[in-house]
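In case you want the letters, here they are:
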Amino acid sequence: MALIRSRRLKVGLLLSLLVFVSVAVGFVLGVGLTSAINKKKEQPTFWKSAAMKQLEKLHPTDEQRKKFDARTESAVQELTALRAEGITRIWDIVDRAVTDIDKDLTPEQRETFQKIKPKQPADQKVK
């Protein structure tokens, strides 16, 4: 009897380990896939292709498709410019706030603040 219980315990533990590993791998893959999809959704080419895919549900003629393509391209360019302007404005606000806060700090606090203050990503800096 002791041998059967031991085997049952081993099987139970191995199955539990298998479930745990499967959940952990699924979680890691899910997080990676989600971040990849979200990065792709930030690209203007994705915006245009997604809009055109939706417009294809209307079964447009070739002439309509050309018009839709031109209008979609124009809208994507406007959205891209608006997005860039918004990011620039956000960082202007953050920079002003950081400058105002920096004025009221002691030298010791400034040292620490230099390490923790928000820094604009290199790819979003105004050139």
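For the structure, see preceding data.
These numbers were taken from a predicted model, which means no experiment stands behind them.

## Structural notes on the pattern of salt bridges
Stage number 1. Here the structure, examined in full by the defined rule, presents nine salt bridges.
Stage number 2. Note that Lys48 is salt-bridged to Asp69, the shortest N-O span being 3.1 Å. Residue Lys48 is found in helix 2 (residues 44-55), and its partner Asp69 is found in helix 3 (residues 62-103); the two are separated by 21 residues along the sequence.
Stage number 3. Lys67 is paired through a salt bridge with Glu63; the nearest N and O atoms lie 3.7 Å apart. Of the two residues, Lys67 and Glu63 both sit in helix 3, four residues apart, roughly one turn of that helix.
Stage number 4. Judged by its relative accessible area of 53%, Lys67 is exposed.
Stage number 5. Via salt bridges that share partners, Lys48, Asp69 and Glu73 belong to a single interconnected network.

## Concerning a nonpolar patch on the surface
Stage number 1. Together, Leu14, Leu17, Phe20, Val21, Val25 and Leu29 make up a nonpolar patch on the protein surface, roughly 610 Å² of accessible area in all.
Stage number 2. When you line up the elements, Leu14 lands in helix 1 (residues 2-41).
Stage number 3. Taking relative accessible area as the criterion, Leu14 reaches 56% and is therefore assigned exposed.

## Digging into helix 3
Stage number 1. Taking 1.5 Å per residue, 42 residues should reach 62 Å; helix 3 reaches 62 Å between its end C-alpha atoms and fits that length.
Stage number 2. Of all the positions in helix 3, only Thr72, Val76, Trp91 and Val98 are classed as buried.
Stage number 3. The elements touched by buried residues of helix 3 are helix 2 and helix 4 (107-116).

The rules behind the values
Residues numbered from 1 in each chain as written. Predicted model: local features only at pLDDT ≥ 70, side-chain atom pairs only at ≥ 80, totals over all residues. Heavy atoms only, no water. Salt bridge = Lys/Arg side-chain N within 4 Å of Asp/Glu carboxyl O. Helix = DSSP H or I, 4+ residues; strand = E, 2+ residues; numbered from the N terminus. Buried < 20%, exposed > 50% of the residue type's maximum accessible area, 1.4 Å probe, protein only. Patch = residues over 30% accessible without salt bridge, like charges linked within 9 Å, V, L, I, M, F, W, Y side chains within 5 Å. Areas by Shrake-Rupley, 256 points an atom, 1.4 Å probe, with all protein chains shown as cover. Expected span 1.5 Å × (residues − 1). Contact = heavy atoms within 4.5 Å.

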